[in-house]
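# Architecture at a glance
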2 protein chains.
Amino acid sequence: MKLLEDKILKDGTVMPGNIVKVGSFLNHQIDVDLLLKMGEEVKSLYSDTDITKIVTVEASGIAIATAFAAVMHVPVVFAKKYQTLNVSENVYTASVHSYTHNKNYNIYIERDFICKDDNLLLVDDFLANGEALKGLCTIASSAGANVVGCAVAIEKGFQKGGDSLRKTGLRIESLAIIDSITDGKITFRSVS
Amino acid sequence: MKLLEDKILKDGTVMPGNIVKVGSFLNHQIDVDLLLKMGEEVKSLYSDTDITKIVTVEASGIAIATAFAAVMHVPVVFAKKYQTLNVSENVYTASVHSYTHNKNYNIYIERDFICKDDNLLLVDDFLANGEALKGLCTIASSAGANVVGCAVAIEKGFQKGGDSLRKTGLRIESLAIIDSITDGKITFRSVS
């Protein structure tokens, strides 16, 4: 999506370790009007499907999922990352490895909020190693729900999570795919 | 706001300790269309102001802030709860006491995202003791930004955070104020 690619080039910053910092518009400060336009694009890409619910992982996935849902008029469910006092034990869980923090964490969704009749769109801001999406797929599978596909803002194509998940048959629509970062210069993959 | 009060009565659950569980539509599964209508109400309540940015705290404030921003067409900034590897040291911080978890935690916002020219609307899903809003006020004050007011989905009027903050002159618009819970029965405060 050219609008997002242009925004990344204009306002993103490449940090050491090929970390692309987009906190000024995507995951700290949030350009909600941009997210709504991204939601229109995702709605169009998935217009051949009948999505019943958008699923993401807290915290940075929530804004994008909410904006997409505002366009698509379906509920959002976000997986939580740790037990809080007022969540029942009646949950679906999955373990997710974080390469950023080099540790595993658990995510969970209450059983009441996903069922076998659901057609889920999995959403996240970044796709690198694909661990969060894999965790959401595990939860969807536990619930017997259908995963229509995934919608991601920025995929790091040089990490292999996206391509590896596509090989399993999972549909992934990434609005911007960064294929390489050389000397701080970002090159996007052409999306046919 | 009658729509929200009715939703709380219909789909909310009162748990031991007067915890009102609204995970089915507000902070785990999210009824985004409801949030958009709440955003319209908040936009109307604050129509006499010139809000430049909506500020909240991760994670449960993000969905409501994003939905309000989708209606009001301003950016969102959410305060983060702990340091991650790709956040600079150049931040405004505040300490917040969590009564739910009985501990203090730090929140921070990067300095680039709030400035003295901003008119901020502080948003949260719940207002009980007012600790999160106080933390956001501290950050706004550090940045020299103006706080136009607060917009909250559900205020627990029987805890005194909201009324105590109002006494300091802070404008708080709560879309539903629960004044008492007796034997599991919720009574709302009449909003004039």
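A brief look at the structure comes next. Predicted, not measured: the structure shown is a model, and the values here were computed from it. (Residues numbered from 1 in each chain as written. Chains lettered and ligands numbered in written order. Predicted model: local features only at pLDDT ≥ 70, side-chain atom pairs only at ≥ 80, totals over all residues. Heavy atoms only, no water.)

## Looking at the pattern of salt bridges
All names here are of chain A. On inspection of all chains with the given rule, the structure shows 28 salt bridges over all chains. Between Asp 117 and Lys 116 there is a salt bridge, with the nearest N and O atoms lying 3.5 Å from each other. Classification of Asp 117 as exposed rests on a relative accessible area of 56%. (Salt bridge = Lys/Arg side-chain N within 4 Å of Asp/Glu carboxyl O. Buried < 20%, exposed > 50% of the residue type's maximum accessible area, 1.4 Å probe, protein only.)

## A few points about the relation of the copies chain A and chain B
Once chain A has been moved 0.0 Å along the axis and rotated by 180 degrees, it coincides with chain B to within an RMSD of 0.0 Å. The superposition of one copy onto the other is thereby described by a two-fold rotation axis. Closest approach to the rotation axis within chain A is made by the C-alpha atom of Ala 59 of chain A, at a distance of 2.6 Å. Both copies contact each other with a shared surface, as 100% of the interface residues of chain A are interface residues in chain B too. (Least-squares fit on C-alpha atoms with pLDDT ≥ 70 in both. Contact = heavy atoms within 4.5 Å.)

## Some thoughts on the side chain of Thr 56 of chain A
All names here are of chain A. Within the fold, Thr 56 resides in strand S4 (residues 53-57). The class of Thr 56 is buried, set by a relative accessible area of 0%. Sequence-distant contacts of Thr 56, defined by excluding residues within four places in its chain, comprise Gly 61, Ile 62, Ala 65, Val 77, Phe 78, Ala 79, Val 123, Asp 124 and Leu 136. (Helix = DSSP H or I, 4+ residues; strand = E, 2+ residues; numbered from the N terminus.)

It is worth stressing that arrangement in space is one thing and function is another; only the former is reported here.
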